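Below, each chain spelled out in residue letters.
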Amino acid sequence: MHIAVLNGPNLNLLGEREPELYGRTTLAEIEARTRERARALGIDVSWTQTNHEGELVDAIQRLKGKADGLVINAAAYTHTSLAVRDALLAVRVPFVEVHLSNLFAREPERRRSMLADAAVGMVTGFGAESYRLGLEGLVGYLQARHGP
Ligand code: DQA
């Protein structure tokens, strides 16, 4: 089983960026932990981060026929990007939306996600652990659907 993980803008700054909201774990550390969990589950993982909306759209389009599922933290594009939503609907790869912070405890404009209603589910507010929880939830969902 192949799972892609896509990360949107400013997540490359994790560790130093607003640590009171996002914690002190870097994106490289989250990647290492996610890969370790995936290895234990026997899952193959690819990992991408981009600060550019079009690159995120391209990366989603490339998943067609290649990934069984997607874990995505679209960061600020979560709240604004019809283009990211359209790409996800076009490729029809089952995805779980993850966020380090709890979107629903933040400003009103962050409580709205352009992606959530099309997702298998959302994990929000568990810091770096949101990625592991998202991966486990997605793998469980896919295994229930297709068998291990
Ligand atoms: C975020 C939440 C977004 O609102 C914000 O723009 C981010 C990070 C999170 O993981 O908590 O960049 O997606």
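For the structure, check the block above.
Now for a quick tour of the structure. (Residues numbered from 1 in each chain as written. Predicted model: local features only at pLDDT ≥ 70, side-chain atom pairs only at ≥ 80, totals over all residues. Heavy atoms only, no water.)

## Let's talk about the site of the ligand
1) Next: Taken together, the residues surrounding the ligand are Arg17, Tyr22, Asn73, Ala75, Ala76, His79, His99, Leu100, Ser101, Leu103, Arg106 and Arg110.
2) Next: Asparagine 73 is positioned such that a nitrogen or oxygen atom in its side chain is 2.8 Å from an oxygen atom of the ligand.
3) Next: A distance of 2.8 Å separates an oxygen atom of the ligand from a polar atom in the backbone of leucine 100.
4) Next: Among the cavities detected, the one that contains the ligand is the largest pocket.
5) Next: Grouping the constituent residues of the shell around the ligand by class yields 5 nonpolar, 4 polar and 3 charged. (Near = heavy atom within 4 Å. Polar contact = N/O pair within 3.5 Å; in protein donor to acceptor, adjacent residues only side chain to side chain. 1 Å grid on protein atoms, 1.4 Å probe; cavity = no way out; pocket = protein on both sides within 12 Å on 5 of 7 lines; lining within 4 Å. Sits in = over half its atoms within 2 Å of the grid points. Nonpolar A, V, L, I, M, F, W, Y, C, P; charged D, E, K, R; others polar.)

## So, the pattern of salt bridges
1) Next: Per the stated rule, a full pass over the model turns up 7 salt bridges.
2) Next: Between glutamate 136 and arginine 37 there is a salt bridge, and its shortest N-O distance comes to 2.4 Å. Taken together, the residues span a long stretch of sequence, with glutamate 136 in helix α6 (residues 129–146) and arginine 37 in helix α2 (residues 27–41) at a distance of 99 residues.
3) Next: Glutamate 136 sits in the partly exposed class, given a relative accessible area of 25%.
4) Next: With relative accessibility at 28%, the residue arginine 37 sits in the partly exposed group. (Salt bridge = Lys/Arg side-chain N within 4 Å of Asp/Glu carboxyl O. Helix = DSSP H or I, 4+ residues; strand = E, 2+ residues; numbered from the N terminus. Buried < 20%, exposed > 50% of the residue type's maximum accessible area, 1.4 Å probe, protein only.)

Read these as spatial facts, not as claims about activity.
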